[in-house]
Amino acid sequence: MGNIKKAGLEAVSYAAQMNAGEVTALSIGEHEGIDAIAKIGASTLVALPDMGHFDAQKVSSVISQVASTLNVDTVVISNSYAGKDLAPQIAGQLNASLATNVVSLPNAEGEITRGVYSGKAFAQVKLNGTKKVLAITPNSFDIIDNNKSAALKEMDVTISEGRVVLKELKKVTGKIPLTEAEVVISGGRGLKGPENWGLVEDLADELNAATACSKPVSDMEWRPHSEHVGQTGITIKPNLYIAIGISGAIQHLAGVSSSKTIVVINKDPEAPFFKAADYGIVGDAFDVIPKLTEALRNN
Amino acid sequence: MGKATIEHDIDGGREELEVTLPLVVSAQKDLCEPRIPNMKSIMQARMKPLNVVPAIEVTQQSEYKTYDLPPAKTGVLN
């Protein structure tokens, strides 16, 4: 797979599944993984030079240059933080139709479905521009193997002077990116304090899962804000979401309700989250979680 | 030229940036609490000039057809 993130592969696969012509993939900095993107349907990989710290203004202008030169109809990008920064700028530069949070391929009428109102609803949108920019929701599309081969292409682009200087980077490294994780274990106020997060992390280790938290937990700085899922945090769509000690306020549900299977563990049987769950365990997290972790370990 | 230092959420973390003004930011909810103006400020606000700027012409590039609620989970325990 080289160094290409799952989100990048999903974007290439989405483009291939549109069946709308040739697919060109762009890579910036490192160009390993050409085989991986070729396999899922890109016929060309445009290798762009390293631009240093990710500056969306710089990068979007370079992507727009490539898109204009190659006269592409549709730019597909992941709806990550970086993608959400890039997509509107590219759409502006190309005078293209824009849809972020995209969760479907275009239908026969050229309409797509996108999440709106912080994930509380979906809208069917027809994009009328001759050019389109689509930011696709991570974990929404399968990566389909087409077994094709691709050619590497170098392109001359003008890289503008950035207006942003990086002072400090606080990046959580070595962890599975939350939006790409297949399994997410999330903890809420019911865990009583940051010192108890070992419970969540042990379970996450067993399931190869990413860890997340509710808004109060990040507000109280028990956990970093980058783990906060919900309306004002990150929207996730894992195959399995396990919520521990989270009551399930509508703002939290907005960020997680698209998860394929939701398991809720809460000692309060009245917790509203149970209404939005596929499976529920009524019990004290401090009893249930160690037993669950133990059972998985012995399995 | 003025500069500002801002915190910016990125995939898997946060970065601190120094930016040159003018600046466009999209701010997160709950980032700061709006100030309640005092009586003097409210009175003063009436005296401020109101500049009405004509809207520029734009082409509508997308058309919203329908809105749907996400499929409901069956739920447990009820």
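Look up a bit, the structure's there.
Quick summary incoming for the structure in this document. (Residues numbered from 1 in each chain as written. Chains lettered and ligands numbered in written order. Predicted model: local features only at pLDDT ≥ 70, side-chain atom pairs only at ≥ 80, totals over all residues. Heavy atoms only, no water.)

Here we look at the overall build of chain A
And then number 1: Scanning chain A for helices and strands turns up eight helices and 14 strands.
And then number 2: In summary, chain A has a C-alpha radius of gyration of 21 Å against a globular reference of 19 Å for 299 residues, a match within 12%.
And then number 3: Intrachain contacts of chain A at a sequence separation of at least 6 include 61% that bridge at least 24 residues.
And then number 4: By element, 49% of the accessible surface of chain A is carried by carbon and sulfur atoms, the whole surface being about 13800 Å².
And then number 5: Computing the positive centroid from 27 side-chain charges and the negative centroid from 33, chain A places the two 5 Å apart. (Helix = DSSP H or I, 4+ residues; strand = E, 2+ residues; numbered from the N terminus. Rg over C-alpha atoms; globule rule 2.2 N^0.38 Å. Contact = heavy atoms within 4.5 Å. Areas by Shrake-Rupley, 256 points an atom, 1.4 Å probe, with all protein chains shown as cover. Lys, Arg positive; Asp, Glu negative; His and termini not counted. Charge placed at Lys NZ, Arg CZ, Asp CG, Glu CD.)

Considerations on the pairing of strand β5 (residues 111-116) of chain A
Residue and element names in this part refer to chain A.
And then number 1: Taking burial as the measure, the six residues of β5 include six buried ones, the bulk of the element.
And then number 2: Because side chains alternate across β5, one face comprises the buried residues Glu-111, Thr-113 and Gly-115, and the other comprises Ile-112, Arg-114 and Val-116, equally buried.
And then number 3: Here six bridges tie β5 to strand β6 (residues 121-127), and the two strands are oriented antiparallel to one another. Looking across to β6, one finds that Glu-111 is bridged to Lys-126.
And then number 4: Between the antiparallel neighbours β5 and β6 lie four residues, among them Tyr-117 with a positive phi of about 50°. (Buried < 20%, exposed > 50% of the residue type's maximum accessible area, 1.4 Å probe, protein only. Pairing = 2+ DSSP bridges.)

Let's talk about the interface of chain B and chain A
Size of an interface: often given as the accessible area lost when the parts come together.
And then number 1: Chain B puts 35 residues into the contact, and the matching count from chain A is 52 residues.
And then number 2: Across the chain B/chain A interface, buried area totals approximately 3600 Å², and carbon plus sulfur atoms make up 48% of it.
And then number 3: Sorting the residues of chain B by area buried against chain A places B:Asp11, B:Gln61 and B:Lys73 first, and these three jointly supply 20% of that buried surface.
And then number 4: Across the contact surface, chain B and chain A share two salt bridges.
And then number 5: With a closest N to O distance of 3.0 Å, A:Lys170 and B:Glu7 form a salt bridge.
And then number 6: Tallied by class, the residues present in the side of chain B that touches chain A amount to 11 nonpolar, 11 polar and 13 charged.
And then number 7: Note: β6(A) against strand β3 (residues 62-68) of chain B, six bridges, orientation antiparallel. Within β3(B), the position partnered with A:Gln124 by the bridge is B:Thr66. (Buried area = accessible area lost by both parts, 1.4 Å probe. Salt bridge = Lys/Arg side-chain N within 4 Å of Asp/Glu carboxyl O. Nonpolar A, V, L, I, M, F, W, Y, C, P; charged D, E, K, R; others polar.)

Quick notes on the nonpolar core
Residues and elements named next belong to chain A.
And then number 1: Ranked by size, the top nonpolar core spans 25 residues in total, and within it Val-12, Tyr-14, Ile-37, Val-102, Ile-112 and Ile-136 carry the most contacts.
And then number 2: At the level of secondary structure, the elements contributing two or more residues to this core comprise α1 (6-17), α2 (34-39), β4 (97-102), β5, β6 and β7 (132-136).
And then number 3: Looking at this core, the element that brings in the most residues is α1, giving six residues.
And then number 4: Once you skip the residues sitting within four places of it in the chain, Ile-136 turns out to touch Glu-10, Ala-11, Tyr-14, Val-76, Ile-77, Ser-78, Asn-79, Val-102 and Phe-141. (Core = buried A, V, L, I, M, F, W, Y, C linked by side-chain atoms within 4.5 Å.)

Some remarks on helix α3 (residues 56-69) of chain A
All names here are of chain A.
And then number 1: Helix length check: α3 (14 residues) gives 20 Å between terminal C-alpha atoms against 20 Å at 1.5 Å per residue, within 8%.
And then number 2: When we look at burial in α3, the residues that qualify are Ala-56, Lys-58, Val-59, Ser-60, Ser-61, Val-62, Ile-63, Ser-64, Val-66 and Ala-67.
And then number 3: Check the buried side of α3 and you find it contacts β1 (24-28), β2 (44-48), β3 (74-78) and α4 (81-94).
And then number 4: If you check the start of α3, you find a side-chain oxygen 3.0 Å away from the backbone N of Gln-57, and it comes from Asp-55.
And then number 5: Immediately beyond the C-terminal end of α3, within one or two residues, lies Asn-71, with a positive phi of roughly 55°. (Expected span 1.5 Å × (residues − 1). Polar contact = N/O pair within 3.5 Å; in protein donor to acceptor, adjacent residues only side chain to side chain.)

Overview of the packing of aromatic side chains
What describes a pair of aromatic rings is the distance from one ring centre to the other and the angle between the planes of the rings.
And then number 1: Overall, the coordinates contain five aromatic pairs over all chains when judged by the stated rule.
And then number 2: Residues A:Tyr14 and A:Phe141 carry aromatic rings whose centres are separated by 4.8 Å and whose planes lie at 80° to one another, so their mutual orientation is edge-to-face. Pair noted here: A:Tyr14 is in helix α1 and A:Phe141 is in the loop between β7 and β8 (151-154), with a separation of 127 residues, a long-range link. Considered together, A:Tyr14 and A:Phe141 belong to a single accessibility category, that of buried residues.
And then number 3: Taking the centre distance of 6.3 Å and the plane angle of 70° together, the rings of A:Trp197 and A:Trp222 count as edge-to-face. Taken together, the residues span a long stretch of sequence, with A:Trp197 in helix α5 (residues 197-207) and A:Trp222 in the loop between α6 (215-219) and β12 (240-244) at a distance of 25 residues. You'll find A:Trp197 and A:Trp222 in the same group, each marked buried.
And then number 4: Connected via pairs of aromatic rings, a cluster forms that spans A:Tyr117, B:Tyr64 and B:Tyr67.
And then number 5: The residue whose ring lies beneath A:Lys84 is A:Tyr81, and the NZ or CZ to ring-centre distance is 5.3 Å. (Phe/Tyr/Trp six-rings, centres within 6.5 Å; stacked < 30°, edge-to-face > 60°. Lys NZ or Arg CZ within 6 Å of the ring centre and 35° of its normal.)

Quick notes on the pattern of salt bridges
And then number 1: All chains considered together, the criterion is met by 11 salt bridges over all chains.
And then number 2: A salt bridge links A:Asp219 to A:Lys215; the shortest N-O distance between them is 2.9 Å. Residue A:Asp219 and its partner A:Lys215 are both found in helix α6; the two are separated by four residues, about one turn of the helix.
And then number 3: Two residues, A:Arg223 and A:Glu227, come together in a salt bridge whose shortest N-O distance is 2.9 Å.
And then number 4: Look at A:Arg223 and you get buried, because its relative accessible area is 14%.
And then number 5: What makes A:Glu227 buried here is its relative accessible area of 6%.
And then number 6: Here the salt bridges share partners, and the residues they tie into one network are A:Lys170, B:Glu7, B:Asp9 and B:Arg14.

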